[in-house]
Amino acid sequence: MSSNNIKDLNKRIIIRYIQRNPGISRSDISKALSISKPTVSNVVDKLLVEGWVSEEESIRGSSSGGRKPFKIYFNQEAYYLVGVDIGGTSVKMAVMNLGGTVINQLSFETQPFVGSQLTPVIADMIKKLIKDSNLENDQIFGAGIGVPGITDVNKGVVVDAPSVGWKNVPLKSQMEYLLPFPVYLDNDVNVAALGELWKGMGTENNNFLVITLGTGIGCGVIINGQLYRGSSYSAGEIGYMVTDKDTAEKKYEHTFTGYGFLDNHVGGPSISRRMLSNLVGKNGVNEVWSAKKVFQMAMDKDEIALEVINETLSHLAFALVNVISIINPERIVLGGGISKSMNQFLPYLSATIEKHIPIQTELEITSVKDVSLLGAGYLLLKEHESILKD
């Protein structure tokens, strides 16, 4: 390894240690990492000049009675991250600092802009968000984007995202043409899993799944603390899972062209569609039936809503059984818009899982606010070739 590579490696190791151990001294860094004091001091001086860290004099003197040591802190405001979560219903985006604290955010409806119009609109809204946050472009480290479909991470191409009308779209290059900083993208569920890894379940578990319930259904897979994408970036595409072969062999209505069996039986639009179908010839057929509203009516014991939700839960429960039997995660975390209505129904899901499989798996709803936006920011930190890359 060349001397430059060793210097870069030392710089990464030291800044990562400072991030995880705020208020540490140069001497403590040297001891903990077995790196010589002159090397540590030289690296810290460079990090101070570059603005990555700050140094404050300790209130207490050293144990030997000598000069007060200086404490070193990672500067979370050195740069800012933009996280974007593209959904079939809405696009959400946020500016956050390097520690994941959200500074500002906005959202807009997706469907008026599906297809080729969506990319420039997202870029314009990112620019607006940065301006509204009183930041300049040179303060932005980059942007991470979660996309609702299969994404080739290496090429930066959205292979297939039916809900937004994208097929083989070179989104990374398009966005980097419109924005003055690097852009990284991944499947939206992988991004949610990264958010959970950064700020949620990843602080306790190395093996877990994040299943998002929204317009469609997806699964992010964390194995041994790392995101698993699969050989063609399609790991976790459980929206294509078949949970009733008899129904699958018949013709059934698709929410979006290209959506899979599970998407079309558990996704929000499918819940709304089945509620309307069950109301034909009855009062309420002309009302707007969001998935949230149907769940609430089911909780209030409305018979029609209960029938719709029970069917949804049945498909979801058997999908969970299948996934658990293959991956054996410690936990499954439910996220996405529909998950906010699921608390009362978790016992049913757990009971069905326990009935069909003897593998112990905890099931819960994410407690991380803006998990997909945070995950999009963390995607940038993990993928961008920089001093902060893990």
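Sequence order as written defines the numbering, with residues in each chain counted from 1. Restriction of local features to residues with pLDDT of at least 70 applies here, the model being predicted, together with a cutoff of 80 or more for giving and counting side-chain atom pairs; totals for whole chains, interfaces and linings are based on all residues. No hydrogens and no water enter the side-chain calculation; it runs on all heavy atoms of the structure.

The protein chain appears in an unreviewed UniProt entry as Sugar kinase of the NBD/HSP70 family, may contain an N-terminal HTH domain from Virgibacillus subterraneus. UniProt positions are given in the numbering used here, feature names are shortened, and annotations may be inferred rather than shown by experiment. UniProt, in its Sequence similarities (unreviewed entry) section for the protein chain, records the words "Belongs to the ROK (NagC/XylR) family." Taken directly from UniProt, the Function (unreviewed entry) text for the protein chain runs: "Transcriptional repressor of xylose-utilizing enzymes."

Once that is clear, we can look at the overall build of the protein chain. A run of H or I in DSSP becomes a helix once it reaches four residues, and a run of E becomes a strand once it reaches two; helices and strands are each numbered from the N terminus. Broken down by element type, the protein chain carries 13 helices and 15 strands. All radius of gyration figures rest on C-alpha atoms, and the globule criterion is 2.2 Å times the number of residues raised to 0.38. In summary, the protein chain has a C-alpha radius of gyration of 24 Å against a globular reference of 21 Å for 390 residues, a match within 12%. Looking at the 390 residues of the protein chain, the share that counts as buried comes to 51%. In what follows, a contact means two residues having at least one pair of non-hydrogen atoms within 4.5 Å. Put simply, of all contacts in the protein chain between residues at least 6 apart along the chain, 60% involve residues at least 24 apart. Reported accessibility uses the Shrake-Rupley method at a 1.4 Å probe radius. Residues are deemed covered only where the shown protein chains occlude them. As displayed, the protein chain has an accessible area near 18,800 Å², and 49% of this comes from carbon and sulfur atoms. By the counting rule applied here, Lys and Arg register as positive and Asp and Glu as negative, while His and the ends of each chain are not counted. Lys charges are placed at NZ, Arg charges at CZ, Asp charges at CG and Glu charges at CD. Separation between the mean location of the 37 positive side-chain charges and that of the 41 negative ones in the protein chain comes to 6 Å. Only protein chains enter the accessibility calculation, which uses a 1.4 Å probe. A residue is then buried if its area is under 20% of the maximum for its type, exposed if over 50%, and partly exposed in between.

All right, on to the packing of helix α11 (residues 303–327) against helix α12 (residues 346–356) then. One can describe the packing of α11 onto α12 by two numbers: an axis separation of 9 Å at closest approach and a directional angle of 45°. Compared by their axis directions, α11 and α12 come out oblique. Judged by the twist between their axes, the crossing of α11 over α12 is right-handed. Residue-level inspection shows Asn310, Leu313, Ser314, Leu316, Ala317, Phe318, Leu320, Val321 and Ile324 of α11 in contact with α12, the latter providing Tyr348, Leu349, Thr352, Ile353 and His356. When residues are grouped by polarity, Ala, Val, Leu, Ile, Met, Phe, Trp, Tyr, Cys and Pro land in nonpolar, Asp, Glu, Lys and Arg in charged, and all others, Gly among them, in polar. Residues belonging to the contact of α11 with α12 are distributed by class as follows: 10 nonpolar, 4 polar and no charged. Convention adopted: a line fitted to C-alpha atoms gives each axis, helices being fitted over their contacting stretch, and angles between N-to-C directions are expressed from 0 to 180 degrees. With respect to orientation, any angle under 35 degrees is reported as roughly parallel, any angle over 145 as roughly antiparallel, any angle of 65 to 115 as roughly perpendicular, and every other angle as oblique. A clockwise turn of the near helix away from the far one marks a right-handed crossing, whereas an anticlockwise turn of less than a right angle marks a left-handed crossing.

Attention shifts here to the environment of glutamate 362. Looking at the element boundaries, glutamate 362 is found in strand β15 (residues 362–365). For the pair formed by glutamate 362 and phenylalanine 208, sequence separation is 154 residues and the distance between their alpha carbons is 9.5 Å. For glutamate 362, the contacting residues outside a window of four places in its chain are Glu330, Arg331 and Ile332.

For two strands to count as paired, DSSP must find a minimum of two bridges between them. The 3 strands lie next to each other as β7-β8-β9, forming an open sheet whose pairing is antiparallel. Of all the strands in the sheet, the pair left with one neighbour each is β7 (150–152) and β9 (166–169). Each neighbouring strand pair of the sheet contributes to a mean axis angle of 20°, computed without reference to strand direction.

Definition used for salt bridges: Asp or Glu carboxyl oxygen within 4 Å of a side-chain nitrogen of Lys or Arg. If you walk through the whole model with that rule in mind, you get 13 salt bridges. Two residues, glutamate 55 and arginine 26, come together in a salt bridge whose shortest N-O distance is 2.9 Å. Placement of glutamate 55 in strand β1 (residues 53–57) and of arginine 26 in helix α2 (residues 26–33) is noted, with a sequence separation of 29 residues between them. For lysine 167, the salt bridge identified is with aspartate 160, shortest N-O distance 3.7 Å. The exposed category is assigned to lysine 167, whose relative accessible area is 58%. Exposure remark for aspartate 160: the relative accessible area of 17% places this residue in the buried category. Several salt bridges share partner residues, and in doing so they unite Arg12, Glu385 and Lys389 into one network.

So, about the environment of valine 82. Relative to the helices and strands, valine 82 resides in strand β3 (residues 80–86). For valine 82, a relative accessible area of 0% corresponds to the buried category. Aside from chain neighbours lying at most four places away, what touches valine 82 is Ala94, Val95, Ile126, Ile130, Ile140, Gly142, Ala143 and Gly144.

Note that an α-helix has 3.6 residues per turn; residues three or four places apart therefore point the same way. Among all positions of helix α9 (residues 268–278), only Gly268, Ser270, Ile271, Ser272, Arg273, Arg274 and Met275 are buried. Of the surrounding elements, those touching the buried residues of α9 are α8 (263–266), α10 (291–299) and α11.

In this analysis, rings of Phe, Tyr and Trp, with Trp reduced to its six-membered ring, are considered paired at centre separations within 6.5 Å, and the interplanar angle assigns stacked below 30 degrees, edge-to-face beyond 60, and tilted for intermediate values. Within the structure shown, the criterion is met by 6 aromatic pairs. Between tryptophan 198 and tyrosine 378, the aromatic rings sit 4.9 Å apart at their centres with planes inclined by 10°, giving stacked as the arrangement. With tryptophan 198 in helix α6 (residues 188–199) and tyrosine 378 in helix α13 (residues 371–383), the pair connects residues that are 180 residues apart, well separated along the chain. The two residues tryptophan 198 and tyrosine 378 agree in class, both being buried.

You can see aspartate 263 is positioned in helix α8. Within the local environment of aspartate 263, its side chain forms a polar contact with the backbone nitrogen of glycine 260, the two atoms lying 3.1 Å apart. Whenever two N or O atoms come within 3.5 Å, that pair is a polar contact, provided that in protein one can donate a hydrogen and the other can accept it, and provided that, for residues adjacent in sequence, both atoms are side-chain atoms.

So, on to the domain arrangement of the protein chain. Residue ranges assigned to each domain were obtained from an automatic or database domain assignment. Entries for the protein chain in the domain assignment read domain 1 (3–74), domain 2 (80–196) and domain 3 (204–367). Relative to domain 3, the C-alpha centre of domain 1 lies at a distance of 48 Å.

Where α9 contacts α10, the two axes come as close as 8 Å, and the packing angle between them is 60°. One element, α9, and the other, α10, form an angle in the oblique class. Crossing geometry of α9 relative to α10 is assigned as left-handed. Judged by residue contacts, Gly268, Ile271, Ser272 and Met275 of α9 engage Ala291, Val294, Phe295 and Met297 from α10. Among the residues forming the contact of α9 with α10, the class breakdown is 6 nonpolar, 2 polar and no charged.

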